[in-house]
Every structure is written in C-alpha cells, then in structure tokens.
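Below, each chain spelled out in residue letters.
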Amino acid sequence: MKITDLLKSGVPSLSFEVFPPKTEMTFESVRGAVEEIARLRPAFMSVTYGAGGGTSQYTLDIAKSIKEQYGVPSLAHLTCVSSTKTTVKEKIAAIKAAGIENVMALRGDIPKSMENDDRGGWDYRHAVDLVREMREANPNFCIGGACYPEVHPESPDQNEDIKRLREKVDAGCDFLTTQMFFDNNLLYNFLYKIREAGITVPVIPGIMPITNAAQIERAITLSGSFMPRRFVSLVDRFGHSPAAMMQAGIAYATDQIIDLYANGITNVHVYSMNNPGVAERIMTSLSDIIGK
Ligand code: FAD
C-alpha cells in the first residue's frame, strides 16, 4: 500500500523506522528486532540505507520481509552517497521486483572517511537528482524525501532550505518526513512556512524517543536539534537512572505525539532505534487513539 493512501484516512497512526544490520554477523539479531516491531502492526515501516553502500542489500532484504511476512507496508531508503547511475538502476529494478511501492530518496549522511573525497565518482549530488531518476523509472512509486524543521545543518538559511525543498517536491516527491525535533512548535512554524512556499504534499513528523543519556549527545550532533528546557530538566533529573530515563523519555515522546495528533497530524513516524520494547510501550500508551 502506498503511504500517501494510508494518510488519506485521516485516522491517527504510527509508523516506525528501523535500520539494517551493519555486518553479516548482526543480521539475525537485527532481523529479530525488526520482526518484533512488525508484529505490532504499525501503519508502515521504513528501512534506512547505510550511506557507505557496503551493506545496502540488507535494506531491501529487510523491507521485503516486513512486507511479505507481516503484511506491513514498507518504505525502502536509497541514498546518493556512493551511488552511480548503474547502481541506482539496479537498486530501482530490485525494489520494483520486490513489489515495494514506497521509496525514500536521500542525499545520505557522508561518512567521515569520505568527507575529504572530491566525490567525483558519484553521479548524484542532491536528493532531488535521485527523486527525478526514481520518478522517471517508475511513475507509480510513492516517493518520500527528508525535510528539516530546524533547517538542514549545511544550508545557509531557512529560505534557501525551503527553496531547495520545493525543487525536490516539484521533481516528484509525494510526501516528506521530518528530521527529529523535541519542540512541536518548531514543526508548526515550519509547516506554516512551507505551505506559504507552495509545498502542499503531506508531511510526516519524525519523533525520536530519547531513552538513555548517551542518545542525547548523538541526537544533537546529528540533527542540531533544539532541546527545550522541559526536556533538559527531565534528562538532568533522570539521566543517571536507565530505567527512569527510559520511562521519562517514552512519556515525553508520547506526549509530543498526542499533541501532534491533536493538531491535525495523521501519521507520526517514530525513530525506533530497532528497540521493540520502546516501540511497544509507545503503541500501548496510544492504543485507544490509534485503534490498536
Ligand atoms: P538534500 O535534499 O540533498 O539536501 C541536503 C542539503 O543540500 C540541504 O542543505 C539542502 O538545502 C541543500 N540542497 C538541496 N538541493 C540542492 C541543490 N540542488 N543545490 C544546492 N544545494 C541543495 N541518511 C542515510 O545515510 N541513510 C538513510 O537511510 C537516511 N534516512 C533519513 C531519513 C529521514 C527522514 C531524514 C530526515 C534523514 C535521513 N538521513 C539518512 C540523513 C540524510 O541523508 C542527511 O540529513 C543528509 O545530510 C541530507 O539528506 P537530504 O536527502 O535531505 O539531502
């Protein structure tokens, strides 16, 4: 099922992001965790793509098994990083052959080891190039793109970022998923601005439950997210106790999700970090709202 069709119902729903194994050795444990999340029957699941490209086959393997074994619609990510015209053609053909309708076109996180490369071997610079290629290859794909309520870290300012986002959507994006954020007002402001800029596709907010103190630093480094005072206080008070931090982090994320639904958002995407326990606790605390 296409994600855009899922969103048409207007009924509050939850979806989860998972990441594929980084090595063959961890394949089984990752698959186990992913299966446990799929058994919760979320609206859909997305599977990220390792930007180094080395373990990219796992993205498709996992996305395929989510769909075939659990009947949960899946969304396969693909990045420009490390991709050539030939590899992208092959990937698109494999995604089509696997019957996966939903694809996410991304520039990709540039691995540290590649930061100083001239990237001359890459055929795609920005996600927009990949969106164009995917749209041309299959008019029926439901294509997603990433967006940044707090501005992409490499962008000079929000106007420029939104201008680039508009180009990406015009190239063929059917929906957008946001980077994590911890203050919903940032999302509401962003939505107002992109609608003013003529971007009309559905936007799926991405929420990251912070369940341990170590995650916080990583989240800030990766996304540059603003941490509201309320959230900082919670970490100060409970960060030293793993069980308490887990409970407080889940409650904070759940509260954010309820507020998003209350303000008219249909689907919220949760960055599960492959943790079925966290996914289940969030789903359970929203069971009457999402009808699960
Ligand atoms: P782009 O849309 O290419 O934008 C990147 C920057 O370039 C922005 O500053 C933008 O304003 C600017 N820009 C865009 N087009 C142009 C242009 N034509 N000319 C000049 N500047 C331009 N990373 C992974 O490696 N694998 C994943 O699976 C993955 N999944 C993600 C899922 C979501 C929902 C999100 C939010 C991020 C994900 N990422 C993933 C991280 C993402 O790859 C990084 O945030 C990356 O830095 C930007 O990717 P993008 O697709 O937004 O890039």
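Up top is the structure these notes are about.
Each chain carries its own residue numbering, running from 1 in the written order of its sequence. Residues qualify for local features only when their pLDDT is at least 70, as the model is predicted, and side-chain atom pairs are given and counted only at 80 or more; totals for whole chains, interfaces and linings, by contrast, use all residues. Side-chain measures here rest on the full set of heavy atoms in the structure, leaving out hydrogens and waters.

**Notes on the site of the ligand**
No. 1: By convention in this text, a residue qualifies as near a molecule or strand provided that one of its non-hydrogen atoms is within 4 Å of it. The environment of the ligand is formed by 23 residues, the closest being Y49, H77, R107, Y148 and D161.
No. 2: Pairing of N or O atoms within 3.5 Å defines a polar contact, subject to two protein rules: one partner must be a possible hydrogen donor and the other a possible acceptor, and residues neighboring in sequence count only if both atoms are side-chain atoms. Here D161 contributes a side-chain N or O atom positioned 2.7 Å from an oxygen atom of the ligand.
No. 3: Residue K168 places a side-chain N or O atom 2.8 Å away from an oxygen atom belonging to the ligand.
No. 4: Relative to its free-state accessible area of 980 Å², the ligand is covered by the protein chains to the extent of 86%. The accessible surface values rely on the Shrake-Rupley method and a 1.4 Å probe; as for residues, cover is taken only from the protein chains in view.

**Some details on the pattern of salt bridges**
No. 1: Any carboxyl oxygen of Asp or Glu within 4 Å of a side-chain nitrogen of Lys or Arg constitutes a salt bridge here. On inspection of all chains with the given rule, the structure shows 14 salt bridges.
No. 2: Its salt-bridge partner being R31, residue E35 comes within 3.9 Å of it at the nearest N-O pair. Note that E35 and R31 are positioned in helix α2 (residues 27-38) at a spacing of four residues, about one turn of the helix.
No. 3: Each residue is assigned to one of three classes by its accessible area relative to the maximum for its type, calculated with a 1.4 Å probe on protein chains only: buried under 20%, partly exposed between the two thresholds, exposed over 50%. Given a relative accessible area of 16%, E35 falls into the buried group. Helical segments are the DSSP runs of H or I of at least four residues, strand segments are the runs of E of at least two, and each set is numbered from the N terminus.

**Topic: the packing of aromatic side chains**
No. 1: Put simply, two rings from Phe, Tyr or Trp (the six-membered ring, in Trp's case) pair if the centres are within 6.5 Å, and we call them stacked under 30 degrees between planes, edge-to-face over 60, tilted for the rest. Taken as a whole and assessed by the stated rule, the structure comprises three aromatic pairs.
No. 2: Aromatic pair F231 and Y252: ring centres 4.8 Å apart, planes at 70°, arrangement edge-to-face. With F231 in helix α9 (residues 229-238) and Y252 in helix α10 (residues 242-262), this pair connects stretches of sequence that are 21 residues apart.
No. 3: An aromatic cluster is present here, built from F182, F231 and Y252 joined pairwise through their rings.
No. 4: The cationic tip of K22 hangs over the ring face of F19; the distance from NZ or CZ to the ring centre is 4.8 Å. Any Lys NZ or Arg CZ that is within 6 Å of a ring centre and within 35 degrees of that ring's normal is treated as a charge sitting over the ring.

**Focus: helix α11 (residues 276-285)**
No. 1: Buried residues of α11: P276, V278, A279, I282 and M283, and no others. Within α11, the buried residues cover an arc of 165° as seen down the axis, which keeps them to one side.
No. 2: Any pair of residues with heavy atoms lying within 4.5 Å of one another is described as a contacting pair. Along its buried surface, α11 packs onto β1 (13-18), α2, α10, β9 (267-271) and α12 (287-290). In this context, the arc is that of the directions from the helix axis out to the C-beta atoms.

**Overview of unusual backbone geometry**
No. 1: Here the phi dihedral of V151 falls at roughly 75°; this positive angle occurs in a residue that is not glycine.
No. 2: Here V151 shows up in the loop between β5 (142-147) and α6 (158-170).
No. 3: Since its relative accessible area comes to 22%, V151 is described here as partly exposed.
No. 4: The phi dihedral of N274 is positive, around 60°, even though this residue is not glycine.
No. 5: Along the chain, N274 turns up in the loop between β9 and α11.
No. 6: Overall, the relative accessible area of 12% leaves N274 in the buried class.

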